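Chain by chain, the residues run as shown.
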Amino acid sequence: MNPMTDLGLRFVRRPGPGGRAANLAALGATAVVALLVTFLIAGTFGLTHRSDRIGWRSTDSRTAQSAVGVVHEVEDMAAGKPLTRIDLAIIDNQRNAELPPPPGLPHAPKPGEVFVSPEVAKLWAAGDLAKRFNLPQPTGQLSAAGLSSPDELIVIRGVTPNTQGLRASDHPNYLETWRGNAMDQRMSMLLILVAFGVALVLFPLLSLVGQAAGVAAKRREHRLAALRLAGATRSQVLLLSAVEQAVLGFLGAIVGLIGYTLISPLIARIPLGGGRWYVHDLTVSWWLVLVVLVAVPALSVTSALIGLGRVSITPLGVVRGQTRKATSALRLVLLVIGPVMLAIIGTRGAVLPLVIGIGMAALAVRIVGPWAVQLIGKLLARTANGPVVLLAGRRLADDPKAAFRPVAALVLSGFVTGFLALFMPYGLSQDSKDVEFQLYTAQGQTVAVAQDVRKRLSVAGLKGEVTSADQSVNISVSTTDREKVRTVLYDVVPDQVPLTDAEKDQHQAGIFLDLRLGVALLLGLVFVTGAASTAAGAVGTALDQAAPAKALRRSGVPLKVIERSARLTAVVPVVGVGLPVVGFGALCGFALSRGQILTQGSSGVVLLLGQVVVGLALVAVAGAAGAPVLRRASVG
């Protein structure tokens, strides 16, 4: 075994003073990275799996001559919940006999047959569904192979090809096979949102990777610099650091994968995309395990080696404690690129340019952050009226990158919050009428449909007012039992179900509800990333400040002053940089929406206030966690 490899493994097993805390912090941060990466990848593929199972319903070959069947989707309701009805007709019986059946079904439904999801089957006998379809029990149930979610409410009804809605003049979907793979519209929109989410969470996640690798950076710098001065080559020093970080990264990746496996049943309960998930949609495959076990340690090692570039080149400068090169104000130019790109592209632009624009804005925050910290540090040092502020100001000004690194993920979470605060629509209209049903009719059939409606209501003993206009019939009934009215009028227009405006809104609101839940999930990921990064940073900062703290204590500076200065050093970047970054995120969102605020109500303001409170709370907790480490490490 290479001596440096053996020495690196020895440093992992016996890390020395303060090393155990640093290794545990790095291990925990890397585990969080692995868990979140696994969740993002597994969730993305889980959405495609869900879409694949139901894609055949929306596939359209547009050629009746080569089609085996035809389908038409109808919006329905059951027990006050949105339900989808698929009318299906077989138009080529010979081809139907040769082809595999639709996913989740034993065969393509014949006229009169009705297959339902398990959740609809539970509502069948107790509700009005048996009367609507004139069946005491459904013909059968769809298996999980044909459902997007275990909660999905769907009915697949077999009808004849000349049924209204399936005629050529109605422009239905023609199917060349029962196994079409068109992307479901709702899943497609969710995948686009995932792309945006990855762009927003990428830099906080990379900051966490850097934080995991940078824990006890100065301790490692001085140790490796001593080896350089003792005769070790540059490549030997880098190999030693790479081995040490790779082992910690690999162990962290294993812990993260185990953690994801344990919580995946809880993740599956998130009602995204119309319902809960099947656990097997979120189960990690062998190749995903391999990717995480390779990628996470590789990112960790790369970040560690980048941070040690100064050691490999100027070890004497590290030992002497020379001041690092100051950051340049030219970094401010980067703040313009992201908002300008987003303003030019707009919300209707292609996904990739939008993701790049968001990524450029987040990258600008990450690069400009240390410059802003340095500026604030110089201001504090010049205006200090006591040792606490003076020490904090000098630390921020002398090494702004190290001061910004522990809170980078938390500051970037402010950018994400500010951006998303503009995009939180309710989805459900509060103004829609829920007492009047509406039916649309073909040209010349309005009067006949209105007469049929009046007759059915009279036979059922229901009193109501029926009015007709050009190709529409409005029904206002005194009873509040909407399901009863819907059952009475169910097949007045065969390809349409009587719905109120509010019920139509419920069908359309799904994607908006997904958007709100997606925002909550994304913020959850960002806050978890920020919390892990801040906690690891507290330990790393305490260990990094151990040597100067020890010297200050020997010179008579009280420990209380040193600890208060350390807390101020952690709070200043969050307040001084984090709050403006929240505004910058809102500016980027404003540029993308071109001046339109999609958020309804006060949820955006609550979100912004929550970001401030959570950020300060995390810094306070991190400071409390780092204080014992600093106290022990500075003894002597």
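Thresholds, definitions, all that
Residues numbered from 1 in each chain as written. Predicted model: local features only at pLDDT ≥ 70, side-chain atom pairs only at ≥ 80, totals over all residues. Heavy atoms only, no water. Helix = DSSP H or I, 4+ residues; strand = E, 2+ residues; numbered from the N terminus. Buried < 20%, exposed > 50% of the residue type's maximum accessible area, 1.4 Å probe, protein only. Areas by Shrake-Rupley, 256 points an atom, 1.4 Å probe, with all protein chains shown as cover. Phe/Tyr/Trp six-rings, centres within 6.5 Å; stacked < 30°, edge-to-face > 60°. Polar contact = N/O pair within 3.5 Å; in protein donor to acceptor, adjacent residues only side chain to side chain. Patch = residues over 30% accessible without salt bridge, like charges linked within 9 Å, V, L, I, M, F, W, Y side chains within 5 Å. Salt bridge = Lys/Arg side-chain N within 4 Å of Asp/Glu carboxyl O. Pairing = 2+ DSSP bridges. Contact = heavy atoms within 4.5 Å. Axes fitted to C-alpha atoms, helices over the stretch in contact; angles between N-to-C directions. Parallel < 35°, antiparallel > 145°, perpendicular 65-115°, else oblique. Nonpolar A, V, L, I, M, F, W, Y, C, P; charged D, E, K, R; others polar. Core = buried A, V, L, I, M, F, W, Y, C linked by side-chain atoms within 4.5 Å. pLDDT = per-residue confidence, 0-100.

Points about the overall build of the protein
Then step 1. Per the secondary structure count, the protein includes 24 helices and 10 strands.
Then step 2. Relative to its 636 residues, the protein shows a buried fraction of 48%.
Then step 3. In the form shown here, the protein has an accessible surface area of approximately 28600 Å², with 62% of it arising from carbon and sulfur atoms.

Remarks on the packing of aromatic side chains
Then step 1. Tallied over the full model, the rule gives 5 aromatic pairs.
Then step 2. Between tryptophan 124 and phenylalanine 133, the aromatic rings sit 5.5 Å apart at their centres with planes inclined by 25 degrees, giving stacked as the arrangement.
Then step 3. On the basis of relative accessibility, which here comes to 0%, the residue tryptophan 124 falls in the buried class.
Then step 4. Take phenylalanine 133: its relative accessible area is 9%, and that puts it in the buried class.
Then step 5. An aromatic cluster of three or more residues is present, and its members are Trp124, Phe133 and Tyr490.

Here's the deal with the side chain of threonine 529
Then step 1. Mapped onto the secondary structure, threonine 529 falls in helix α21 (residues 510-544).
Then step 2. With a relative accessible area of 0%, threonine 529 lands in the buried category.
Then step 3. Only 2.8 Å separates the side chain of threonine 529 from the backbone oxygen of leucine 525, close enough to count as a polar contact.

Some details on a nonpolar patch on the surface
Then step 1. Judged by side-chain polarity, Phe250, Leu251, Ile254, Ile258, Leu262, Ile263 and Leu266 come together as a nonpolar surface patch covering roughly 630 Å² of accessible area.
Then step 2. Secondary-structure assignment places phenylalanine 250 in helix α8 (residues 234-267).
Then step 3. Among the residues examined, phenylalanine 250 registers a relative accessible area of 38% and is labelled partly exposed.

Details of the sheet that holds strand β6 (residues 173-175)
Then step 1. Spatially, β4-β3-β5-β2-β1-β6 is the arrangement adopted by the 6 strands of the open sheet, whose pairing is mixed. Whereas interior strands pair on both sides, the edge strands pair on one side only; in this sheet they are β4 (140-141) and β6.
Then step 2. Examined bridge by bridge, strand β2 (residues 81-90) and strand β5 (residues 154-158) share 5 bridges and lie parallel to one another. Note on β5: the bridge partner recorded for isoleucine 86 is isoleucine 156.
Then step 3. Each of β1 (69-78) and β2 is contacted by helix α20 (residues 501-508), which is oriented at about 120 degrees to β1, the strand it contacts most.

Description of the packing of α21 against helix α22 (residues 546-554)
Then step 1. Packing of α21 against α22 leaves a shortest axis separation of 5 Å and a crossing angle of 50 degrees. Considering their axes alone, α21 and α22 lie oblique with respect to each other. Along the contact surface, α21 presents Ala542, Leu543 and Asp544, while α22 presents Ala546, Ala547 and Pro548.
Then step 2. Classifying every residue of the contact of α21 with α22 by side-chain character gives 5 nonpolar, no polar and 1 charged.

Side note on the environment of phenylalanine 527
Then step 1. With respect to the element layout, phenylalanine 527 can be found in helix α21.
Then step 2. The spacing of phenylalanine 527 and alanine 409 is 118 residues in sequence and 8.5 Å in space, taken between C-alpha atoms.
Then step 3. Beyond its immediate stretch of four places on either side in the chain, phenylalanine 527 contacts Ser413, Thr417, Gln611, Val614 and Leu618.

Considerations on the nonpolar core
Then step 1. Among the nonpolar cores identified, the biggest contains 87 residues, and Leu200, Phe415, Val416, Phe419 and Leu420 are the most heavily contacted of them.
Then step 2. If we skip the residues at most four places from it in the chain, phenylalanine 419 touches Leu200, Leu342, Ile358, Gly585, Ala586, Cys588, Gly589 and Leu592.

Side note on the pairing of strand β7 (residues 436-440)
Then step 1. With 5 bridges joining them, β7 and strand β9 (residues 472-477) adopt antiparallel strand pairing. Pairing of glutamate 436 across the sheet is with serine 476, part of β9.
Then step 2. For β7 and strand β10 (residues 499-500), the ladder comprises 2 bridges, and the chain directions are antiparallel. Residue pairing across strands places glutamine 438 opposite leucine 499, the latter belonging to β10.

Comments concerning the confidence of the model for the protein
Then step 1. The share of residues in the protein with pLDDT of 70 or more is 88%, and the mean pLDDT across the chain is 82.
Then step 2. Within the protein, strand β3 (residues 114-116) carries the highest mean pLDDT (96), whereas helix α12 (residues 315-320) carries the lowest (49).

Some details on unusual backbone geometry
Then step 1. With a phi angle near 55 degrees, asparagine 134 is a residue other than glycine that sits in the positive phi range.
Then step 2. A relative accessible area of 68% means that asparagine 134 is categorised as exposed.
Then step 3. For histidine 171, which is not a glycine, the phi torsion comes out positive at approximately 55 degrees.
Then step 4. Looking at where histidine 171 falls in the secondary structure, it is placed in the loop between β5 and β6.

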